[in-house]
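Okay, here's what each chain looks like letter by letter:
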Amino acid sequence: MLEYLLAAAYGASAGLFALLAVALAGAYRRLGLEELAGAAWGFALLALSSALGAAELLAPTPRAAVSLYTGSSSTAAAGLFVLVYSRLASSAGRLPALAPLALVGSLDALAAALGVAAALGSRGLARLGFALLALGHAFRVAAAALLPGGAGAGALLAGEALRAAAALAMASYYTGGVLGGGGEAVEG
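Just so you know, these numbers come straight off a predicted model, no measurement behind them.

K.L.:
Which parts of the structure should I look at to understand the overall build of the protein chain?
P.N.:
When its secondary structure is counted, the protein chain shows 6 helices and 0 strands. In the protein chain, the order of α-helices and β-strands from amino to carboxyl end is α-α-α-α-α-α. Put simply, 59% of the contacts in the protein chain that link residues at least 6 apart link residues at least 24 apart. Carbon and sulfur atoms form 74% of the exposed surface of the protein chain, whose accessible area is close to 10,500 Å².

K.L.:
Explain helix H1 (residues 2-31) here, please?
P.N.:
Structural remark: α-helix, 3.6 residues per turn; residues separated by three or four positions point the same way. With 30 residues, H1 should cover 44 Å at 1.5 Å per step; its first-to-last C-alpha distance of 43 Å lies within 8% of that length. Of all the positions in H1, only Ala7, Ala14, Ala21, Leu24, Gly26 and Ala27 are classed as buried. Buried residues in H1 make contact with helix H2 (34-57). At the C-terminal side of H1, Gly32 shows a positive phi close to 75°.

K.L.:
Is there a simple way to think about the side chain of Ser49 in this case?
P.N.:
Considering the arrangement of structural elements, one finds Ser49 in helix H2. Every residue in contact with Ser49, bar those within four places of it in the chain, is listed here: Ser72, Thr75 and Ala76.

K.L.:
Where do I start with the nonpolar core in this structure?
P.N.:
Burial of nonpolar side chains together is a common tendency in soluble globular proteins. Ranked by size, the top nonpolar core spans 9 residues in total: Ala21, Leu24, Ala27, Leu36, Ala39, Ala40, Phe43, Leu46 and Ala76. Breaking this core down by element, the ones donating at least two residues are H1 and H2. The dominant element in this core, judged by the number of residues it contributes, is H2, at 5 residues. Apart from the residues lying within four places of it in its own chain, the contact partners of Ala76 are Leu46 and Ser49. One finds Ala126, Phe130, Leu133 and Ala166 within the second-largest nonpolar core, a separate group that totals 6 residues.

K.L.:
Which parts of the structure should I look at to understand a nonpolar patch on the surface?
P.N.:
A cluster of nonpolar side chains, namely Met1, Leu2, Leu5, Leu6 and Tyr10, defines an oily patch on the protein surface of about 550 Å² accessible area. Tracing the backbone shows Leu2 in helix H1.

K.L.:
What is the right way to look at the confidence of the model for the protein chain in this model?
P.N.:
Any residue range with low pLDDT should be treated as having predicted coordinates unsuitable for detailed reading. Across the protein chain, pLDDT averages 77, with 79% of residues at or above 70. No element of the protein chain has a lower mean pLDDT than helix H6 (residues 150-179), which averages 72, and none a higher one than H1, which averages 89. Note that pLDDT drops below 50 for residues 183-188; the model gives that stretch 20 contacts with residues more than four away or on any other chain.

K.L.:
Explanation requested: the environment of Leu5 in the structure shown.
P.N.:
Mapped onto the elements, Leu5 comes out in helix H1. For Leu5 and Ala54, which are 49 residues apart along the polypeptide, the C-alpha to C-alpha distance reads 9.6 Å.

K.L.:
So what exactly am I meant to see when it comes to the packing of aromatic side chains here?
P.N.:
For any pair of aromatic rings, the description rests on two quantities: the centre-to-centre distance and the angle between the ring planes. Under the defined criterion, the tally for this structure stands at 1 aromatic pair. Here Phe17 and Phe43 contribute two aromatic rings whose centre-to-centre distance is 5.8 Å and whose plane-to-plane angle is 35°, an arrangement assigned as tilted. Of this pair, Phe17 sits in helix H1 while Phe43 sits in helix H2, and the two are 26 residues apart along the sequence. Overall, Phe43 belongs to the buried group, its relative accessible area being 18%.

K.L.:
Looking at this model, I keep getting lost on the environment of Leu36. Mind explaining?
P.N.:
Structurally, Leu36 is set in helix H2. Judged by its relative accessible area of 18%, Leu36 falls in the buried class. With 12 residues separating them along the chain, Leu36 and Leu24 place their C-alpha atoms 5.8 Å apart. Setting aside its immediate chain neighbours within four residues, Leu36 contacts Leu24, Ala27, Tyr28 and Leu31.

K.L.:
Would you mind going over the environment of Ala25 with me for this structure?
P.N.:
Inspection of the secondary structure assignment puts Ala25 in helix H1. The exposure class of Ala25 is partly exposed, given its relative accessible area of 22%. In sequence terms Ala25 and Ala37 are 12 residues apart; their C-alpha atoms lie 6.0 Å from each other.

How each quantity is defined
Residues numbered from 1 in each chain as written. Predicted model: local features only at pLDDT ≥ 70, side-chain atom pairs only at ≥ 80, totals over all residues. Heavy atoms only, no water. Helix = DSSP H or I, 4+ residues; strand = E, 2+ residues; numbered from the N terminus. Contact = heavy atoms within 4.5 Å. Areas by Shrake-Rupley, 256 points an atom, 1.4 Å probe, with all protein chains shown as cover. Expected span 1.5 Å × (residues − 1). Buried < 20%, exposed > 50% of the residue type's maximum accessible area, 1.4 Å probe, protein only. Core = buried A, V, L, I, M, F, W, Y, C linked by side-chain atoms within 4.5 Å. Patch = residues over 30% accessible without salt bridge, like charges linked within 9 Å, V, L, I, M, F, W, Y side chains within 5 Å. Salt bridge = Lys/Arg side-chain N within 4 Å of Asp/Glu carboxyl O. pLDDT = per-residue confidence, 0-100. Phe/Tyr/Trp six-rings, centres within 6.5 Å; stacked < 30°, edge-to-face > 60°.

Written as structure tokens, this is what we have:
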């Protein structure tokens, strides 16, 4: 019963945050104040966080609940970062150009850190694969800091190529080992 009440509260907050984001986005379009754009993005991310929180409480399996829990905290952190950054950037006279990319940056930074941790806890090909995945996410974090521009696009493309190649190599190797009867799973 409590989980339904909490899910309803999260759902209501998601709706209200979304309405606030829409209102702030409309005010930004009318007034052109960059702080309003940052606030709109921040509240949109908080709306997503609350929606994920509601779904987390109603998830049918523990695995789904943990995934949604991680997503809700990541999006909340990104939303709060955007709100704080937007406020500080407007008071310093700089534009919050990275606001739309804060979610990507925060999730990629977390993925890069977890990739490094996975690499340190592994050996052999797994260590190399996890290190390359972490590096791919690090390139994406760098791209978020460098966009817009050619350097940012280049970093993003490099990160995507590295991530895709490392993921394909690891998935192919380990799937072949498991399905081929070799019994070799992650070396860790």
